[in-house]
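# Working through the structure, step by step
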Amino acid sequence: MTDPGAALSPQGEIIEGCRLPVLRRNQDNEDEWPLAEILSVKDISGRKLFYVHYIDFNKRLDEWVTHERLDLKKIQFPKKEAKTPTKNGLPGSRPGSPEREVPASAQASGKTLPIPVQITLRFNLPKEREAIPGGEPDQPLSSSSCLQPNHRSTKRKVEVVSPATPVPSETAPASVFPQNGSARRAVAAQPGRKRKSNCLGTDEDSQDSSDGIPSAPRMTGSLVSDRSHDDIVTRMKNIECIELGRHRLKPWYFSPYPQELTTLPVLYLCEFCLKYGRSLKCLQRHLTKCDLRHPPGNEIYRKGTISFFEIDGRKNKSYSQNLCLLAKCFLDHKTLYYDTDPFLFYVMTEYDCKGFHIVGYFSKEKESTEDYNVACILTLPPYQRRGYGKLLIEFSYELSKVEGKTGTPEKPLSDLGLLSYRSYWSQTILEILMGLKSESGERPQITINEISEITSIKKEDVISTLQYLNLINYYKGQYILTLSEDIVDGHERAMLKRLLRIDSKCLHFTPKDWSKRGKW
């Protein structure tokens, strides 16, 4: 490989903004050469290192590489007009550098992206009915166990008895047709009240990209990141490694820890109060003085070794700010507010003889005008892929049930957050549909509103999940929910693996009326 300084270029060397293939190992431990952008260059002991962002890859894969991993034959130098200065004068990412572009192939497959359309556009309506944009939200969804004659496919259908207005609504009836002689559940949906075309806020484009973020941040407690202020500094990981209890964590993203800490090989955190120190000796000295063996605040849930603590961002500012700093290392779509007063933090812990060790957390606004029941949510990397993410989500909806509200997470969600929420919504809704039973030989009925009330999942999320699962179909003038054998079998297998569940009997929680400022 040629020395980087010998690269033929107007500048005579590799500079920030250059694009070229970079060698990396993929999940199958195979070599690949994806296109990457050079974000920064540094010289250590006469050896140049390059900080690269892989185009169309998540930013958590960004890394420092040596020149041996660069393919200089295909280097693309930036145009001068492409650089965009930010407020503080630092060069920003070039307009053409995609940070979170959604590949077209993913959109076409339908597996990764939900259908970002109004409900009426999802169905094959007669031409004279296409103009009707919405449906009544209080029509019943009926579910029956009648046998459908001459039904060739291996799908179970939930018939929806539609009233005069033939558009699916939050409350349409559905019926289930058994197959192979065994009755299975089906659910139908009915039309009604008109809906605005942008009423569904759960499509993936709005959740998993920064395109849907408003240009001006909300003045409430929103933690949505305003990506217009991104610069080279905040696009680069600044912490090399974090030691938290018995775990060492490799941060994924930038977090605004003090500048003097960013040069350390390891940042040491107390796993109980989350205060940070420069060295192991500083941490050991701190532990002799720290009396905490669990997060501050009230323990509102305990079952087995799992506990949840409710922490007021006003009463426990230091802990809340330290928690936000830690979480920002693994959340790219959220910004960090040092004013934690408007937020509540719910920290999940695992107990052993040494204390309560943090597993993950979610935060929520004390007062949300948009029915958000989660602002930020994170499972720490050592505990991921073990069911804790769904447990956090389930707990957030359990709190919404006690509060008597429906809720939804604040958008946009990260890629991993989106997958977790989709999986939770799908399993929860399918659990409801498959549990429907007929009474007195009549078709059981359920409405979208009833599903929302039972689960506390917002109606738009219920509808978008049914669309994503491709359960809603238009059949003989009615809207039906079709549960295929593959969906049923897949759901049953997934539920067998889901061992961690929230037990509402173990929750001791009394919601407060935060509209009364005296309670802040």
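First things first, this report covers the structure right here in the doc. Values in this document were obtained by computation on a predicted structure and should not be read as measured data.

Rules behind the numbers
Residues numbered from 1 in each chain as written. Predicted model: local features only at pLDDT ≥ 70, side-chain atom pairs only at ≥ 80, totals over all residues. Heavy atoms only, no water. Axes fitted to C-alpha atoms, helices over the stretch in contact; angles between N-to-C directions. Helix = DSSP H or I, 4+ residues; strand = E, 2+ residues; numbered from the N terminus. Left-handed = near helix turned anticlockwise from the far one by under 90°. Contact = heavy atoms within 4.5 Å. Buried < 20%, exposed > 50% of the residue type's maximum accessible area, 1.4 Å probe, protein only. Pairing = 2+ DSSP bridges. Phe/Tyr/Trp six-rings, centres within 6.5 Å; stacked < 30°, edge-to-face > 60°. Parallel < 35°, antiparallel > 145°, perpendicular 65-115°, else oblique. Nonpolar A, V, L, I, M, F, W, Y, C, P; charged D, E, K, R; others polar.

### Brief notes about the packing of helix 6 (residues 415-434) against helix 7 (residues 448-455)
When two helices pack together, their arrangement is given by the angle between the helix axes and the distance between those axes. Interhelical geometry of helix 6 versus helix 7 gives an angle of 115 degrees and a closest axis separation of 11 Å. Helix 7 is crossed by helix 6, and the crossing has right-handed handedness. Contacts between helix 6 and helix 7 pair Thr428, Ile429, Ile432 and Leu433 from the former with Ile451, Ile454 and Thr455 from the latter.

### Focus on the pairing of strand 15 (residues 306-312)
Of all seven residues making up strand 15, seven are buried, and the element is well covered by its neighbours. Here strand 15 shows a buried face lined by Ile306, Phe308, Glu310 and Asp312 and a second buried face lined by Ser307, Phe309 and Ile311. The loop that links strand 14 (residues 298-303) with its antiparallel partner strand 15 comprises two residues; one of these, Gly304, has a positive phi angle of about 65 degrees.

### Some thoughts on the sheet that holds strand 19 (residues 376-379)
With antiparallel pairing, the five strands of this open sheet are ordered in space as 14-15-16-17-19. Looking at which strands have only one partner, the edges of the open sheet turn out to be strand 14 and strand 19. Direction aside, neighbouring strands of the sheet carry axes that sit 20 degrees apart on average. Where strand 15 lies against strand 16 (residues 343-352), seven bridges are found, and the strand directions are antiparallel. Bridge pairing in strand 16 links Phe308 to Met348. Sheet strands in contact with helix 5 (residues 388-403) are strand 14, strand 15, strand 16, strand 17 (355-365) and strand 19, and its direction is about 55 degrees off that of strand 17.

### Regarding the packing of aromatic side chains
As enumerated under the stated definition, the model contains 18 aromatic pairs in all. Relative to Phe308, the ring of Tyr301 has its centre 5.8 Å away and its plane inclined at 75 degrees; by these criteria the two rings are edge-to-face. In this structure Phe308 comes out as buried when scored by relative accessible area, which is 0%. Here Tyr301 and Phe395 contribute two aromatic rings whose centre-to-centre distance is 5.8 Å and whose plane-to-plane angle is 70 degrees, an arrangement assigned as edge-to-face.

### Some words on the packing of helix 7 against helix 8 (residues 459-468)
Axis separation between helix 7 and helix 8 bottoms out at 9 Å; the angle between their running directions is 115 degrees. By the angle between their directions, the pair helix 7 and helix 8 is classed as roughly perpendicular. The hand of the helix 7/helix 8 crossing is right-handed. Judged by residue contacts, Ile448, Asn449, Ile451 and Ser452 of helix 7 engage Lys459, Val462, Ile463 and Leu466 from helix 8. Taken together, the residues that form the contact of helix 7 with helix 8 break down as five nonpolar, two polar and one charged.

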